[in-house]
Amino acid sequence: MNLGFSLYPDQHSLEEMTAYIQRLTQYPFQRVFLSLLQMDVRDDAMMEKYQAIIELCRSKHLLVIADINQNLIDQLNWQGQIVGNGKAFGLDGLRLDEPLF
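Conventions adopted
- Residues numbered from 1 in each chain as written.
- Predicted model: local features only at pLDDT ≥ 70, side-chain atom pairs only at ≥ 80, totals over all residues.
- Heavy atoms only, no water.
- Buried < 20%, exposed > 50% of the residue type's maximum accessible area, 1.4 Å probe, protein only.
- Helix = DSSP H or I, 4+ residues; strand = E, 2+ residues; numbered from the N terminus.
- Arc of directions from axis to C-beta.
- Contact = heavy atoms within 4.5 Å.

Visitor: What is the right way to read helix H1 (residues 14-24) from this model?
Guide: Owing to its 3.6 residues per turn, the α-helix aligns residues three or four sequence positions apart on the same side. Within the span of H1, buried status applies to Met17, Ile21 and Leu24. Projected down its long axis, H1 carries its buried residues within an arc of 70°, all on one side. On the buried face of H1, the contacting elements are strand E1 (3-7), strand E2 (29-35) and helix H2 (44-59).

Structure below.
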């Protein structure tokens, strides 16, 4: 069985998220679930925070799986290249939060 945990970067500071990730990597977790739906792509500080969290998780050998939807795909200009852009963003998997149109 694979174990995973969820992160909510919009609700906690980067320092709190880092301490939480460090604490949980003492256990056999293999995956992190991260919702990108709350991310404001126009907020550079927020984008950097999400990137830092993804990079930390990857450095701890955790698979990062993110929730996305059509609105986020449009905001990030990922149309037609969802998988490639998700990988470039540092993600290992994507979960559609609602149908794509």
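Visitor: How do you make sense of unusual backbone geometry when you look at a structure like this?
Guide: The phi torsion of most residues other than glycine is negative, and most of the peptide bonds are trans. One non-glycine residue, His61, adopts positive backbone phi at about 65°. The phi dihedral of Asn77 falls on the positive side, at around 55°, and the residue is not glycine. As for its placement among the helices and strands, Asn77 is situated in the loop between helix H3 (70-75) and helix H4 (82-88).

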